[in-house]
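# Geometric and topological summary
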Amino acid sequence: MANRTSSIERHTKETQIRLEMDIDGEGNSNISTGVPFMSHMLDLFTKHGHFDVTIDANGDTEVDDHHTTEDIGICLGQVFNEAVGDKKGIHRYGNVTIPMDDALAQVVVDLSNRPHLEYRAEIPNDKVGTFDTELVHEFLWKFAAEARINLHVIVHYGHNTHHIIEAIFKAMARALDEATQQDERVKGIPSTKGML
């Protein structure tokens, strides 16, 4: 199996980002985003997806966390899509439900080359610490668009904002890990069309 790795450097007037990803990793992370809550979410995303991820991001966080969070989503989606490669022999689908104390989040993915985010989550509070919780949707949408995947996020219940968001990121990591796994029963591209 070829190495499923990718990297990107993206520089704009708002952010400077260097990001590397190994899909077949060991859960090792080296993450610095300037957005502490997002760094925490990406660290556990890396751990629970068994990916290796390095992120060095600097952005205009003196304005707010929007540009940095959005651009990390863009970069992570692009490297994920490139690292997955031609998708030959993979499961393609992932469906994982994760509890986090009071919260229960489900994430279902299809590595379909058709970008779509379905976001069924009610976040009780506008902020976790200094982080605007509306940026969770922004990050997920940009990731799904650039990774070119169907990403369905369903929060069944929960009342603690931190727990809800953490359950989402853990479930997404596990679902992507499941979808990218090689399966010797799958011959070629997992689609009757012969391509994704």
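A few points on the structure. The model shown is predicted, which means the values in this text are computed figures rather than measured ones.

About the cut-offs
Residues numbered from 1 in each chain as written. Predicted model: local features only at pLDDT ≥ 70, side-chain atom pairs only at ≥ 80, totals over all residues. Heavy atoms only, no water. Core = buried A, V, L, I, M, F, W, Y, C linked by side-chain atoms within 4.5 Å. Buried < 20%, exposed > 50% of the residue type's maximum accessible area, 1.4 Å probe, protein only. Helix = DSSP H or I, 4+ residues; strand = E, 2+ residues; numbered from the N terminus. Contact = heavy atoms within 4.5 Å. Expected span 1.5 Å × (residues − 1).

## Re the nonpolar core
Across soluble globular proteins, nonpolar side chains show a tendency to be buried alongside one another. Counting 59 residues, the largest nonpolar core has Phe80, Leu151, Phe169, Met172 and Leu176 as its most contacted members. If you tally residues by element for this core, the top one is helix α4 (residues 161–180), at 11 residues. Not counting the four nearest positions on each side in its chain, Phe80 is found in contact with Met21, Ile23, Leu111, Phe143, Ala147, Ile149, Leu176 and Thr180.

## Focus on the environment of Asn95
Take Asn95: it is sitting in strand β5 (residues 93–100). Look at Asn95 and you get partly exposed, because its relative accessible area is 44%. Sequence separation between Asn95 and Gly59 is 36 residues, and the spatial gap between their C-alpha atoms is 33 Å. Residue contacts for Asn95: discarding those within four places in its chain leaves Gln106, Val107, Val108, Ala175 and Glu178.

## Thoughts on helix α2 (residues 66–84)
Over its 19 residues, α2 runs 27 Å from end to end, which matches the ideal 27 Å to within 8%, given 1.5 Å per residue. Of all the 19 residues making up α2, 15 are buried; the element is thus mostly covered by neighbouring parts of the structure. Where α2 ends, the next residue or the one after it, Gly85, has phi of about 80 degrees, a positive value.

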